[in-house]
Amino acid sequence: LLRKFMEPLELVSFPESPRGTEPSYYTLSMNFHPERADLSRDTFEKALAAEGLPVGHYVPAPIPHWERLRTKGYRGPRTVWTENLIRAGVEYRREDYPGCRHKIERSLDMDWNYIRPDPARMKRIAGIFAKVEENSGPLREWERRQKRRGPPPAARARRSRREVMV
């Protein structure tokens, strides 16, 4: 239902599902199109949050590059797959996953706990995405001003007289 309400939008789309399937989610994954938006995903996410819709990105790197999949040097809790990877001689970190990186760079993820149809809520959610998309011009300007300003100056360390004397 949300997909239907968001069809007219250009900056966000949904991954395609195989014909004849109906996906089930705990986290709804969408695709942000930065090339259409001329806007960073972070700014888009902040704007959605400002409208009351917390959206983020869930996976920071291709899963095979996560520390827990290392067969050498991993110092965390023991995993069930490490011994199998060692026996197989597999080192996935050497592999490149361009499709995965592409998805990660564009992913927008939202908690999704809806099990009953709720057209009014889906329409409100789509309306928030539409409002942010409609305001992408002012958001672009805001983002450019932020980049020109650069990072905020480091706060001066304030020491008490006692710290200086000790």
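So, here is what we can say about the structure in this document. By convention here, each chain's residues receive numbers from 1 onward along its written sequence. Where totals are concerned, whole chains, interfaces and linings use all residues; where local detail is concerned, this predicted model gives features only for residues with pLDDT of at least 70, and gives and counts side-chain atom pairs only at 80 or more. The basis for every side-chain value is the complete set of heavy atoms in the structure, and neither hydrogens nor water enter the calculation.

### Notes on the overall build of the protein chain
Heads up, the condition is: In this text, helices come from DSSP runs of H or I with a minimum length of four residues, and strands from runs of E with a minimum of two, each type numbered from the N-terminal end. To get the radius of gyration, use the C-alpha atoms; to get the globule rule, take the number of residues to the power 0.38 and multiply by 2.2 Å. For every residue, the accessible area obtained with a 1.4 Å probe (protein chains only) is divided by the maximum for its type, and the residue is called buried under 20%, exposed over 50%, and partly exposed between those limits. Any two residues whose heavy atoms approach within 4.5 Å are treated as being in contact. Areas reported as accessible are Shrake-Rupley estimates using a 1.4 Å probe. Residue values count occlusion only from the protein chains shown. Positive: Lys, Arg. Negative: Asp, Glu. His and the chain ends are not part of the count. For the purpose of locating charges, the reference atoms are NZ of Lys, CZ of Arg, CG of Asp and CD of Glu.
A tally of regular secondary structure across the protein chain gives eight helices and three strands. Helices and strands in the protein chain line up, N terminus first, as α-β-β-α-α-α-α-β-α-α-α. For a compact globule of 166 residues, the expected C-alpha radius of gyration is about 15 Å, and the protein chain comes in at 22 Å, more than 25% above that figure. By the burial criterion, 30% of the 166 residues in the protein chain qualify as buried. Intrachain contacts of the protein chain at a sequence separation of at least 6 include 65% that bridge at least 24 residues. Roughly 12,500 Å² of accessible area belongs to the protein chain as shown, and the carbon and sulfur atoms make up 52% of that amount. Positive and negative charge centroids in the protein chain, built from 33 and 23 side chains respectively, lie 7 Å apart.

### Topic: the pattern of salt bridges
Which entries qualify depends on this criterion: We define a salt bridge as a contact between a side-chain nitrogen of Lys or Arg and a carboxyl oxygen of Asp or Glu at a distance within 4 Å.
Taken as a whole and judged by the stated rule, the model has 10 salt bridges. The shortest N-O distance in the salt bridge between Arg144 and Asp38 comes to 2.6 Å. Taken as a pair, Arg144 in helix H7 (residues 136-149) and Asp38 in the loop between helix H2 (34-37) and helix H3 (41-50) lie far apart in primary sequence, 106 residues in all. You can call Arg144 partly exposed: its relative accessible area is 35%. A salt bridge links Glu51 to Lys131; its shortest N-O distance comes to 3.1 Å.

### Quick notes on H7
Rules: For a helix, the expected span equals 1.5 Å multiplied by the residue count minus one. Working definition: the arc comes from the directions between the helix axis and the C-beta atoms, pointing outward to the latter.
With 14 residues, H7 extends 20 Å from end C-alpha to end C-alpha; this agrees with the ideal 20 Å at 1.5 Å per step. Among all positions of H7, only Ser136, Leu139, Arg140 and Glu143 are buried. Down the axis of H7, the buried side of the element spans an arc of 105°, and every buried residue falls inside it. In H7, the exposed positions that point more than 90 degrees away from the buried face belong to Pro138, Arg148 and Arg149. On its buried face, H7 is in contact with H2, H3 and helix H6 (119-134). Just downstream of H7, Gly150 is the residue with a positive phi angle, here 75°.

### Structural notes on the pairing of strand S3 (residues 107-111)
For the record, the criterion: Strand pairing requires that DSSP identify at least two bridges connecting the strands.
With respect to burial, S3 is a largely interior element, four of its five residues being buried. One ladder, built from five bridges, connects strand S2 (residues 27-32) with S3; its direction is antiparallel. Considered in S3, the bridge of Met30 is made with Leu108.

### Remarks on the sheet that holds S2
Definition in use: Axes here refer to lines fitted to C-alpha atoms; in helices the fit is confined to the stretch in contact. Angles between the N-to-C directions go from 0 to 180 degrees.
Read across the sheet, three strands follow the order S1-S2-S3 without closing on themselves; strand pairing throughout is antiparallel. Of all strands in the sheet, those bounded by a partner on one side alone are strand S1 (12-13) and S3. The strands that H3 touches are S1, S2 and S3; relative to S3, the one it contacts most, it runs at about 25°. Against the sheet, helix H5 (residues 98-106) makes contact with S2 and S3, and its axis sits at roughly 95° relative to S2, the strand it touches most.

### A look at the layout of surface pockets
This is how the line gets drawn: Here a cavity denotes a set of grid points, spaced 1 Å apart and computed over the protein atoms alone, in which a 1.4 Å probe fits but from which it cannot get out, and a pocket denotes an open set meeting protein on both sides within 12 Å along at least five of seven lines; residues with an atom within 4 Å of a point are reported as lining. Grid points are joined across faces, edges and corners, and a volume is the space filled by probe spheres set on the points.
Of the voids in this model, the largest pocket is the one considered here, and its volume is about 500 Å³. In terms of lining residues, the largest pocket is bounded by 16 residues, among which Leu1, Glu22, Pro23, Tyr25 and Trp112 are the most central.

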